[in-house]
Amino acid sequence: MKAGPVVTVLHDGTEPDADSLRPVLEQATVRSVDGAGLAGALPGAEALFVYDFQSTAVPAAWPHADSLRWVHVGGTGVDAVMFDDLIASDVEVTNTRGLFDRPIAEYVLAQILNFAKDLPGSIRLQLDHQWEHRESERIAGASALVVGTGSIGRAIARLLTAVGMRVHGLGRSPREDDPDFGTVTTDLHAELPAADYVVCVTPLTPQTRHMFDASAFAAMKPHARFVNVGRGESVVTDDLVDALRSGAVAGAALDVVDPEPLPAGHPLWDLPNVVLTPHNSGDFIGWRPEIVAAFTDNFQRWITGRPLQNVVDKKLGYVPS
C-alpha cells in the first residue's frame, strides 16, 4: 500500500480529473467513491474531500469514519455535513470559500437587470413577431438589501454598488461604515420595506431556516423583487408562491428552491414573474478543476502541518469573516 494518509473522495459519478488531483495521488492513498460507496471507503480514512458538495451521504456513513481528522467541502455551503456528531467531534471542516463569489455576484446583477429591463417580455414579443415599444426601469439609485454579509454577499455588494445601486447589508452584528455595505443591520423586517431588490445569500442555519415567510414577504414593497442564491430552505416556498400570486412581491429569481430539484408540477414553474435556474449561479466554465485545486492546496497545508485555509466554525456553520 502507498505510504501516506488515506483520503476518501466523494463524487457524484464524475470523478475529479486525475491531473488536477495528482498532488494528492502522489502522497496519499485515494479512495474515490460515490454516495453509495462512502460507508465502505471511510474506515481508516484520515481526510474526506466532499467533491460532490450537494451530496447528503455523509451523515449516514459517519459511523464508519473511525480515523477521520479533516473534511473539505468542495462548495461554500456546508449544511449537508453539519450534523450533530460531526459538530461534536474533533474533525476540522474547511470549504471552498471565495471561488464562487464573483460568478454569483454577476448572476445576481444579471437577474436584477433581467427584471429591470424585462428581457423575458422582449423575448416573448420577439417569438410572437411583435414590434412593441416599451419603457424599462433604471437600476441606478435603486435600493438592494443583501441578506448575508459573508464573502459572497460582499462580492454582490461591490458589484451592485459599482452600477450605482444603493446597497445595505443584513448580518449577525450591526456596524456602521462597513467598506462594502455601508451600514449592516440585524432586523430583517425593519429593512425589507425600503428595498427594491432583496438578495438572500445566507448559509443555512437554524436562524436562517424559513426566515423568508409570509410576514417577511408582506413587509416588502409590492414592486420589490426577491433573488435567492443562498439556500432554498431559507424560504417558506408556499408563502413565496402566495406572495407572487397576490402581487405582494413583484417577482423572484431563484437559483435555489425547496424542494430541490423542483418537482415537475410545482406552481413556481409556471408563474410569469419567476425566473428559475438549477442551482448553478456560481458554476462558471472551469469550476471543477478549480475546486480540486483549492482542495490540493489545503491538502499540502494539512500534510505538512500548516494551518488550513477557510476553516468552518462548526457551531455557526460557515467561515467567519
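Given the structure is predicted, the values throughout are model-derived calculations rather than measurements.

Cut-offs and rules
- Residues numbered from 1 in each chain as written.
- Predicted model: local features only at pLDDT ≥ 70, side-chain atom pairs only at ≥ 80, totals over all residues.
- Heavy atoms only, no water.
- Axes fitted to C-alpha atoms, helices over the stretch in contact; angles between N-to-C directions.
- Helix = DSSP H or I, 4+ residues; strand = E, 2+ residues; numbered from the N terminus.
- Parallel < 35°, antiparallel > 145°, perpendicular 65-115°, else oblique.
- Left-handed = near helix turned anticlockwise from the far one by under 90°.
- Contact = heavy atoms within 4.5 Å.
- Nonpolar A, V, L, I, M, F, W, Y, C, P; charged D, E, K, R; others polar.
- Pairing = 2+ DSSP bridges.
- Domains from an automatic or database assignment.
- Buried area = accessible area lost by both parts, 1.4 Å probe.
- Salt bridge = Lys/Arg side-chain N within 4 Å of Asp/Glu carboxyl O.
- Phe/Tyr/Trp six-rings, centres within 6.5 Å; stacked < 30°, edge-to-face > 60°.
- Buried < 20%, exposed > 50% of the residue type's maximum accessible area, 1.4 Å probe, protein only.

What to know about the packing of helix 5 (residues 101-116) against helix 7 (residues 151-162)
Angle between the axes and distance between the axes: these two values describe a pair of packed helices. Interhelical geometry of helix 5 versus helix 7 gives an angle of 50° and a closest axis separation of 8 Å. Taken together, helix 5 and helix 7 sit at an angle that is classed as oblique. Crossing of helix 5 over helix 7 shows right-handed handedness. Facing helix 5, whose interface residues are Asp101, Arg102, Ile104, Ala105, Glu106, Val108, Leu109 and Ile112, helix 7 presents Ser151, Ile152, Ala155, Ile156, Leu159 and Leu160. Looking at the contact of helix 5 with helix 7 residue by residue, the class counts come to 10 nonpolar, one polar and three charged.

Some words on the sheet that holds strand 10 (residues 197-200)
In spatial order, the strands read 8-9-7-6-10-11-12-13; together these eight strands make up an open sheet with mixed pairing. Among the strands making up the open sheet, the edge pair consists of strand 8 (175-178) and strand 13 (274-276). The average angle at which neighbouring strand axes cross in this sheet is 20°, direction not considered. Sheet strands touched by helix 10 (residues 237-246): strand 11 (225-228), strand 12 (251-254) and strand 13. Its angle to strand 12, the strand with the most contacts, is close to 140°.

Observations regarding the domain arrangement of the chain
If you check the domain split of the chain, you get domain 1 (6-98 + 285-304) and domain 2 (100-276). Using C-alpha coordinates to define each centre, domain 1 is positioned 32 Å away from domain 2. Tallying the contact residues gives 10 residues for domain 1 and seven residues for domain 2. Carbon and sulfur atoms make up 51% of the surface buried where domain 1 meets domain 2, a total of about 690 Å² over both sides. If you look at where domain 1 meets domain 2, you find one salt bridge. Between Asp79 and Arg231 there is a salt bridge, with its nearest N and O atoms 2.8 Å apart.

Some words on the packing of aromatic side chains
Note on aromatic pairs: each is described by the distance of the centres and the angle between the planes. Evaluation of the coordinates by the stated rule reveals 14 aromatic pairs. Here Trp62 and Phe83 contribute two aromatic rings whose centre-to-centre distance is 5.4 Å and whose plane-to-plane angle is 80°, an arrangement assigned as edge-to-face. Residue Trp62 is found in the loop between helix 3 (58-61) and strand 4 (70-73), and its partner Phe83 is found in the loop between strand 4 and helix 4 (84-88); the two are separated by 21 residues along the sequence. Here Trp62 and Phe83 have matching classes, each one buried. Ring centres 4.8 Å apart and planes at 55° place the aromatic pair Phe212 and Phe226 in the tilted group. Here Phe226 lies in strand 11 and Phe212 lies in the loop between strand 10 and helix 9 (214-219), a separation of 14 residues in the sequence. A residue is classified by how much of its surface remains accessible, and Phe212, at 0% relative accessible area, is buried.

Regarding the pattern of salt bridges
Scanning the model with the defined rule gives 13 salt bridges in all. Across the salt bridge formed by Arg102 and Glu106, the nearest N and O atoms sit 3.2 Å from each other. Highlighted residues: Arg102 and Glu106, both in helix 5, separated by four residues, approximately one helical turn. Under the relative-accessibility criterion, Arg102 is labelled partly exposed at 48%.

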